[in-house]
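# Structural characterization, general
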Amino acid sequence: METPENEVFRDSIGTIDEEGKRNWIFPKKPSGPYWEKRKLVSYFLLAFLFAAPFIKINGNQFLMFNVLERRFNIFGFPFWPQDFHLFVISMIIGVVFITLFTVGFGRIFCGWICPQTIFMEMVFRRIEFWIDGDRNKQIRLKKQKWDAEKIRKRTLKWFIFLVISFLIANIFLAYLIGGDKLLRYVKEGPSEHLGTLFPLLIFTGVFYFIFAWFREQVCIIACPYGRLQGVLLDNKSIVVAYDHKRGEGENGRKKFRKNEDRDALGHGDCIDCFQCVHVCPTGIDIRNGTQLECVNCTACIDECDTIMEKIDKPKGLIRYASEDNIEKKEPFKLTARMKGYIAVLVILIGVLLGMLALRNDVEARVLRLPGQLYEHKDNDIISNVYTYKLVNKTTEAIDNVSFKLRGIDGEIKLVSTSDTFTVKENGLAEGTLFIELKQSDLSGDKNTLTIDVYSGDKLIETTSVSFLGPRSYN
Ligand code: SF4
Ligand code: SF4
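Residues numbered from 1 in each chain as written. Chains lettered and ligands numbered in written order. Predicted model: local features only at pLDDT ≥ 70, side-chain atom pairs only at ≥ 80, totals over all residues. Heavy atoms only, no water.

### Focus on the overall build of the protein
When helices and strands are tallied, the protein shows 16 helices and 16 strands. In terms of principal-axis extent, the alpha carbons of the protein reach across some 110 × 60 × 45 Å. Within the protein, buried positions represent 45% of all 474 residues. Put simply, of all contacts in the protein between residues at least 6 apart along the chain, 67% involve residues at least 24 apart. A total accessible area of about 26000 Å² is found for the protein, and carbon and sulfur atoms account for 60% of it. Computed over 63 positive and 58 negative side-chain charges, the inter-centroid distance for the protein is 6 Å. (Helix = DSSP H or I, 4+ residues; strand = E, 2+ residues; numbered from the N terminus. Buried < 20%, exposed > 50% of the residue type's maximum accessible area, 1.4 Å probe, protein only. Contact = heavy atoms within 4.5 Å. Areas by Shrake-Rupley, 256 points an atom, 1.4 Å probe, with all protein chains shown as cover. Lys, Arg positive; Asp, Glu negative; His and termini not counted. Charge placed at Lys NZ, Arg CZ, Asp CG, Glu CD.)

The following block contains the structure:
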C-alpha cells in the first residue's frame, strides 16, 4: 500500500539518507527555560549516578547489581537469588509504572531521565558545542579539510570523549562489582587485576562507540522502549506536540513578513523558520506530528517559544499537549486505561510491601542430596544425607549457628570439625549434613522433618526436609 503524501516522512528516519548512508545530525545548541530545568535535573541525576555505588545504608551499597556473585542491593536493601520473587515483582512494578507514565505523558522519561539522553545531550553534546561551536560551525568543520584547526579540535574532542567513556565504564563496573572493590582495584593498580581491566576497556569502547558515533540512533533504532510508543500512546497522551491548528491556520504556514496581517490572510502562527527542526537532536520535524524518533527533549518548545516572542505571538505553539487537547481543547484527565494501570500498580506495590515485611533476615535451605536414598546403620539407625545453604542478609555476622530437629529424637551431624559455624555478614554458608533417626521413630518410608536453626540459644529460622526410610516399616 502506498504511503499517503502527508505520512511519507514516516518511511525514513532522520539519521539515514535516501541512499541508506548516515545522515549526521548537527542540532543547534538549545536554550530556554526547559533547557535550564533539564540541565538542573541532569546535574542531580549525574551526581546520583556517580555517587550511588559509593553511598552505603546500614553498611550496604545503595545500588548494586552484582550479577557475577548474584547479589543485588536496591536502595540499600540486599537481595539474594533467594529473593528472586521480590526482584521479579519489583521489575513488574517498574514496567507497569513506566507503562502508566507513558500512556499519560509519553516519552517524558526519555527526555528528562534516561541515562542515554542525559549523557548524550547534557555531557557529550555540550562538550561538542564547547569545542566545535554551534550547528553552523560544526557543519563547516565537518566539510573542512584536515587542517591544523580540524586536527586540533577533533583530537581534543575524541580524547575527552574517551576519558569520559572510561569514567562511565568505571562507574558501571562499580555497580557491578561494588564501589569498595573498585576503589581497592584502583589502589592496587590495573596490573594486579587484568581480568577486570579487560572488560573495563571493552565497556569503555562500547560507551565511546555509542556517544561518539552511534549517538541518537540508540533512541531511534535500538531502544525497545521507543518502539513501544506506537502501542502505548493514544490521543489523550500528553507529548511534545505542535499545535497544528494554530500553526497552520486556514491557509497554512508562511514565512514571516514585517507589517503583514497574517490573521487576516488566514495564515497560522508557524513562520516556517525551521528552528524547531534545526534544534532537534534526532533530526525530525515535529510539525509532521508525533513520531517514533521524538525523545520529548523539549528543545523545540524552547526554540519555538523564542520565535513566538520575537514575532509577538503567544508562546506554546509547540508544547506539552495531547492530540485531543489540540483538536478539541480537552484538558488532561485520567482515562479508564490509566485507572486500570493505577489499580494494578497499587495492588502490586501492596504485595511487594507485604512480602518485604515478611522477609526473613536469614534464609535456610536444606535439601536432600540428589540420587541418594538412605543408609541403614548399626542400632537400627537410618541416616539421610543433605546439603544446606544459609544466607545471612544482615550486615552483622551470625555466630554459633547450629541445627536442631523439632519434635523427634535424632541427631544432625555436620560434615565439619565443629558442631556450630559462623555465617559472615551478607554472606552464605553451605555444607553437608547427616540426619540420623531411629527406625522405630519413622512413620513411613517418606517423613517430613522440621529443622530449627539457632544462633546460640536464639531461634533464627525454621525449615523442613523430607527423610526417607525403608518401605517395610510402613
Ligand atoms: S520554530 Fe515554531 S515557528 Fe519556527 S518552524 Fe518551528 S513551529 Fe514554526
Ligand atoms: S521533536 Fe522536539 S522534543 Fe522531539 S526530539 Fe526533536 S526537539 Fe526534542
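### Quick notes on the site of ligand 2
Taken together, Val-240, Cys-280, Pro-281, Thr-282, Ile-284, Ile-286, Cys-294, Val-295, Asn-296, Cys-297, Thr-298 and Cys-300 make up the full set of residues near ligand 2. Of the residues contributing to the shell around ligand 2, the split by class is nine nonpolar, three polar and no charged. (Near = heavy atom within 4 Å. Nonpolar A, V, L, I, M, F, W, Y, C, P; charged D, E, K, R; others polar.)

### Notes on empty space enclosed by the protein
This structure, assessed with the given rule, holds six cavities of 30 Å³ or more. Around the largest cavity sit 15 residues that line it, and Cys-270, Cys-273, Cys-276, Cys-304 and Leu-317 are the ones nearest its centre. Every element with two or more residues in the lining of the largest cavity is listed here: helix H13 (275–278) and helix H14 (299–310). For the lining of the largest cavity, the element with the most residues is H14, which contributes three residues. Counted by class, the lining of the largest cavity contains eleven nonpolar, one polar and three charged residues. (1 Å grid on protein atoms, 1.4 Å probe; cavity = no way out; pocket = protein on both sides within 12 Å on 5 of 7 lines; lining within 4 Å. Points joined across faces, edges and corners; volume = space filled by probe spheres on them.)

### Here we look at the layout of surface pockets
Looking at the largest pocket, its volume works out to about 1300 Å³. As for the largest pocket, its lining consists of 31 residues, and the residues nearest its centre are Phe-48, Leu-63, Phe-65, Phe-75 and Phe-109. Grouping the constituent residues of the lining of the largest pocket by class yields 27 nonpolar, four polar and no charged.

### Quick notes on the environment of Thr-394
For Thr-394, the position within the fold is in the loop between strand S10 (381–392) and strand S11 (398–406). Between the C-alpha atoms of Thr-394 and Phe-50, which are 344 residues apart in sequence, the distance is 25 Å. Once residues lying within four places of it in the same chain are set aside, the contact partners of Thr-394 are Asp-361, Glu-425 and Asn-426. Among the polar contacts made by the side chain of Thr-394, one reaches the side chain of Asn-392 at a distance of 2.6 Å. Separated by 2.9 Å, the side chain of Thr-394 and the backbone oxygen of Glu-396 make a polar contact. (Polar contact = N/O pair within 3.5 Å; in protein donor to acceptor, adjacent residues only side chain to side chain.)

### Focus: the nonpolar core
In this structure, Phe-119, Val-123, Phe-124, Ile-168 and Phe-211 are the most contacted members of the largest nonpolar core, which totals 32 residues. Of all elements in the fold, only helix H1 (33–51), helix H4 (115–132), helix H6 (148–177), helix H7 (179–188) and helix H8 (194–214) reach the threshold of two or more residues within this core. Sort the elements by how many residues they give to this core and H6 lands first, with nine residues. Not counting residues up to four positions away in its chain, the partners in contact with Phe-124 are Phe-119, Phe-161, Ile-164, Ser-165, Ile-168 and Phe-211. One finds Tyr-386, Leu-405, Leu-449 and Val-465 within the second-largest nonpolar core, a separate group that totals 26 residues. (Core = buried A, V, L, I, M, F, W, Y, C linked by side-chain atoms within 4.5 Å.)

### A short note on the site of ligand 1
If you check the shell around ligand 1, you find Tyr-242, Cys-270, Ile-271, Asp-272, Cys-273, Phe-274, Cys-276, Arg-287, Cys-304, Met-308 and Ile-318 and nothing else. Applying the majority rule of atoms within 2 Å of the grid points places ligand 1 in the largest cavity. Class assignment for the residues of the shell around ligand 1 results in nine nonpolar, no polar and two charged. (Sits in = over half its atoms within 2 Å of the grid points.)

### So, H14
Taking 1.5 Å of rise per residue, the twelve residues of H14 would be expected to cover 16 Å, and the 17 Å separating its terminal C-alpha atoms lies within 8% of that figure. Most of H14 is tucked away, with nine of its twelve residues classed as buried. Among the residues making up H14, those that are buried are Ala-299, Cys-300, Ile-301, Asp-302, Glu-303, Cys-304, Asp-305, Ile-307 and Met-308. Next to the buried residues of H14 lie H1, strand S6 (239–242), helix H11 (244–248), H13 and strand S7 (318–321). Phi for Asp-312, located one or two positions after H14, is positive at around 65°. (Expected span 1.5 Å × (residues − 1).)

### Some thoughts on the sheet that holds strand S5 (residues 77–79)
Reading across from one edge, S3-S4-S5 is the order of the three strands in this open sheet, with antiparallel pairing throughout. A strand with exactly one partner marks an edge of an open sheet, and here the two such strands are strand S3 (63–66) and S5. Going across the sheet, the axis of each strand differs from the next one's by a mean of 25°, ignoring polarity. Taken together, the four bridges between S3 and strand S4 (residues 71–74) define a ladder with antiparallel strand orientation. What sits directly across from Asn-66, in S4, is Arg-71. (Pairing = 2+ DSSP bridges. Axes fitted to C-alpha atoms, helices over the stretch in contact; angles between N-to-C directions.)

### Quick notes on the sheet that holds S11
In space, the four strands of this open sheet follow the order S13-S11-S15-S16, with antiparallel pairing throughout. Two strands lie at the open edges of the sheet, namely strand S13 (421–423) and strand S16 (458–468), each paired on one side alone. Strand after strand, the sheet turns through a mean of 40° between neighbouring axes, direction not considered. Examined bridge by bridge, strand S15 (residues 446–455) and S16 share ten bridges and lie antiparallel to one another. The partner of Val-453 across the bridge, within S16, is Glu-461.

### Examining unusual backbone geometry
One can expect most non-glycine residues to show negative phi and most peptide bonds to be in trans. The backbone of Arg-215 sits at a positive phi, close to 50°, despite the residue not being glycine. Along the chain, Arg-215 falls in the loop between H8 and helix H9 (217–222). Notably, Asp-380 is not glycine yet its phi reads approximately 60°, a positive angle. As for its position among the elements, Asp-380 is in the loop between strand S9 (375–377) and S10. Taking the relative accessible area as the measure of exposure, Asp-380 reaches 44% and is therefore partly exposed.

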